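Single-letter residue listing:
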Amino acid sequence: MLTTTNFVVVQPKGRGDRWPKLFETSHRAFIDYMRKRRVKTRKGRFPMVAIVFPDQQAMYAEFKKQDIKMKRVAGLYSGESNRVMTHDGGRLEFIAATVRHEAAHQSAYNSGVHSRVNDTPRWITEGIGQMFEPAAMTDARTASTVVDRVNRDSLRFIQNKYNGRKDVRLSRAVMQLVSDDSMFDNQAQVAEAYAVSWAMMFYLAERDSQAFAEILNFTARRPPFDSYSRSERIRDFERIVGVDTFEFS
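Residues numbered from 1 in each chain as written. Predicted model: local features only at pLDDT ≥ 70, side-chain atom pairs only at ≥ 80, totals over all residues. Heavy atoms only, no water.

A. Representation of the nonpolar core in the model. In this structure, Met34, Trp123, Met131, Phe212 and Leu216 are the most contacted members of the largest nonpolar core, which totals 43 residues. Counting residues per element, this core draws most heavily on helix α8 (residues 190–207), which supplies nine residues. For Leu216, the residues in contact, after removing those within four places along its chain, are Met34, Val39, Val113, His114, Ile124, Ile128 and Met201. Membership of the second largest hydrophobic core comes to 16 residues, among which are Leu22, Val52, Tyr77 and Val99. (Core = buried A, V, L, I, M, F, W, Y, C linked by side-chain atoms within 4.5 Å. Buried < 20%, exposed > 50% of the residue type's maximum accessible area, 1.4 Å probe, protein only. Helix = DSSP H or I, 4+ residues; strand = E, 2+ residues; numbered from the N terminus. Contact = heavy atoms within 4.5 Å.)

B. Seen up close, the pattern of salt bridges. Counted under the stated rule, the structure contains 16 salt bridges. The partner of Arg169 in a salt bridge is Asp167, with the nearest N and O atoms 2.7 Å apart. You can call Arg169 partly exposed: its relative accessible area is 34%. Close ionic contact of Asp180 with Arg230 constitutes a salt bridge, the shortest N to O distance being 3.8 Å. (Salt bridge = Lys/Arg side-chain N within 4 Å of Asp/Glu carboxyl O.)

C. Representation of the environment of Met175 in the model. For Met175, the location among the structural elements is in helix α7 (residues 168–179). On the basis of relative accessible area, Met175 is assigned to the partly exposed category, the value being 23%. Considering only alpha carbons, one finds Met175 and Ser249, 74 residues apart in sequence, at a separation of 9.4 Å.

D. Quick look at the packing of aromatic side chains. All told, the structure shown has eleven aromatic pairs when counted by the stated rule. Arranged with centres 5.9 Å apart and planes meeting at 15°, the rings of Tyr77 and Tyr109 form a pair that is stacked. Of the two residues, Tyr77 is situated in strand β4 (residues 75–78) and Tyr109 in helix α3 (residues 92–111); the sequence distance between them amounts to 32 residues. Here Tyr77 matches Tyr109 in class, with each residue buried. Aromatic side chains Phe237 and Phe248 sit 5.2 Å apart centroid to centroid with 80° between the ring planes, which places their arrangement in the edge-to-face category. One end of the pair, Phe237, is in helix α10 (residues 230–241); the other, Phe248, is in the segment after α10, with eleven residues separating them in the sequence. One aromatic cluster is present, built from ring pairs that chain together Phe30, Tyr33, Phe132 and Phe212. (Phe/Tyr/Trp six-rings, centres within 6.5 Å; stacked < 30°, edge-to-face > 60°.)

E. Quick look at the sheet that holds strand β5 (residues 83–87). The five strands lie next to each other as β1-β2-β3-β5-β4, forming an open sheet whose pairing is mixed. Edge positions in the sheet fall to β1 (2–3) and β4, since each has one partner strand and no second. Each of β1, β2 (7–10), β3 (48–53) and β5 is contacted by helix α1 (residues 18–36), which is oriented at about 150° to β2, the strand it contacts most. Across the sheet, α3 touches β2, β3, β4 and β5, and the angle it forms with β4 is around 10°. (Pairing = 2+ DSSP bridges. Axes fitted to C-alpha atoms, helices over the stretch in contact; angles between N-to-C directions.)

F. Inspection of the environment of Ala97 at higher detail. Mapped onto the fold, Ala97 is located in helix α3. Along the backbone, Ala97 and Gly75 are 22 residues apart, and their C-alpha atoms lie at a distance of 9.9 Å.

Rendered as structure tokens:
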């Protein structure tokens, strides 16, 4: 077990400080990015916990104990335990991108960017996770230009799926994501849901930081345990971004 300013990292012996550094730099980059865009954050009252298992088999064994039904993942953030869990086997680049994604969820929920007690649309939470997958996002020196901050996997998916911004299928996907979370529960649409969510949040962050901050600050402070209807989600989105949902793309 190793500690940093913001983390307690449980990992196998002899792994050094690579994992603690990754979690710590990811969190600091997340907070810095949000503050520069005037998203309200707060300092956590206690360290966050990250668990690095020795291999994929050990990680899935823990998932089974906790009744977490996830397959083909390199790690996850568990809201119930408030922990990131990953493993130290396999392709390092892919695992590191997953850790940055899941660490962004952990940072968001522990800094007040997302709320634990209200219904935040998944296109917002997963869009944020996708934004922080690129390695450049954890290093101010390499994230100085927009192109460095692009999630290339999400961009590639969008370029292959749609015929430009005016493709009606893209507009329909945006409308569906704003309306409800059903695309994330449909195996045939989940990859599309993640990619379009990234594009939406990335566009707001880079082109309309005021709307980016407002949509995060607003959803984080909605009434606790209050359901978020389809009509309310569309109304709030259009009020904040200033355009019809179907025209947003």
